[in-house]
Amino acid sequence: MRLACLAPNPQAVIRFRSDTEQPEDHGSSFNCRVEPVEAPPLSAYRWLNRSLQVLVVLFGLYGIGMGLQEARERYASFHPARPPLYGVWSVDEFVVDGKDVPCSPIPSDGGG
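Residues numbered from 1 in each chain as written. Predicted model: local features only at pLDDT ≥ 70, side-chain atom pairs only at ≥ 80, totals over all residues. Heavy atoms only, no water.

### Quick word on the overall build of the chain
Logical step 1: Along its length, the chain carries 3 helices and 2 strands.
Logical step 2: Its helices and strands taken in sequence order, the chain reads α-α-α-β-β from the N to the C terminus.
Logical step 3: Looking at the chain residue by residue over its 112 residues, the buried ones come to 8%.
Logical step 4: Long-range contacts, defined here as pairs at least 24 residues apart, represent 12% of the contacts in the chain between residues at least 6 apart.
Logical step 5: Split by element, the accessible area of the chain, about 10,600 Å² in all, is 62% carbon and sulfur. (Helix = DSSP H or I, 4+ residues; strand = E, 2+ residues; numbered from the N terminus. Buried < 20%, exposed > 50% of the residue type's maximum accessible area, 1.4 Å probe, protein only. Contact = heavy atoms within 4.5 Å. Areas by Shrake-Rupley, 256 points an atom, 1.4 Å probe, with all protein chains shown as cover.)

### Observations concerning the side chain of Ser 43
Logical step 1: One can find Ser 43 in the loop between helix 2 (10-20) and helix 3 (46-78).
Logical step 2: Among the residues examined, Ser 43 registers a relative accessible area of 15% and is labelled buried.
Logical step 3: Dropping the residues within four chain positions of it, Ser 43 is found in contact with Leu 48 and Asn 49.

### Things to note about the pattern of salt bridges
Logical step 1: Under the counting rule described, the total for this entry stands at 1 salt bridge.
Logical step 2: Note that Glu 70 and Arg 74 form a salt bridge whose closest N and O atoms lie 3.0 Å from each other. Here Arg 74 and Glu 70 lie together in helix 3, a separation of 4 residues that amounts to about one turn. (Salt bridge = Lys/Arg side-chain N within 4 Å of Asp/Glu carboxyl O.)

### So, unusual backbone geometry
One can expect most non-glycine residues to show negative phi and most peptide bonds to be in trans.
Logical step 1: The backbone phi angle of Asp 97 is positive, close to 50°, even though this residue is not glycine.
Logical step 2: Looking at the secondary structure, you find Asp 97 in the loop between strand 1 (94-96) and strand 2 (99-101).
Logical step 3: Exposure remark for Asp 97: the relative accessible area of 76% places this residue in the exposed category.

### What to know about a nonpolar patch on the surface
Logical step 1: A contiguous nonpolar patch, built from Val 54, Val 57, Leu 58, Leu 61, Ile 64 and Leu 68 and spanning about 590 Å² of accessible area, is present on the exposed surface.
Logical step 2: Mapped onto the secondary structure, Leu 68 falls in helix 3. (Patch = residues over 30% accessible without salt bridge, like charges linked within 9 Å, V, L, I, M, F, W, Y side chains within 5 Å.)

Pasting the structure below:
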């Protein structure tokens, strides 16, 4: 795992491991200081380097936005919108032609 994190700079990995390996160390490599490596610019023009950074950020924001849109569409497909008057009525008793009828939403439930 440590090698995967430092893979872009193998010289730092070799120097890091050789500085920390001692007979009593048993392979622990957390007690060594490794200097950060500065990446060379991609272009000689400062504006082009900045433009590429902005492009990467915009691409990341686009990916996040598309992911959120997809999540919203999936949520809507599993949770459809309710009717406008959903939950407005609370029925305790139901009378048809002067006779009490049980409050059953489906006639096949024995409600008549």
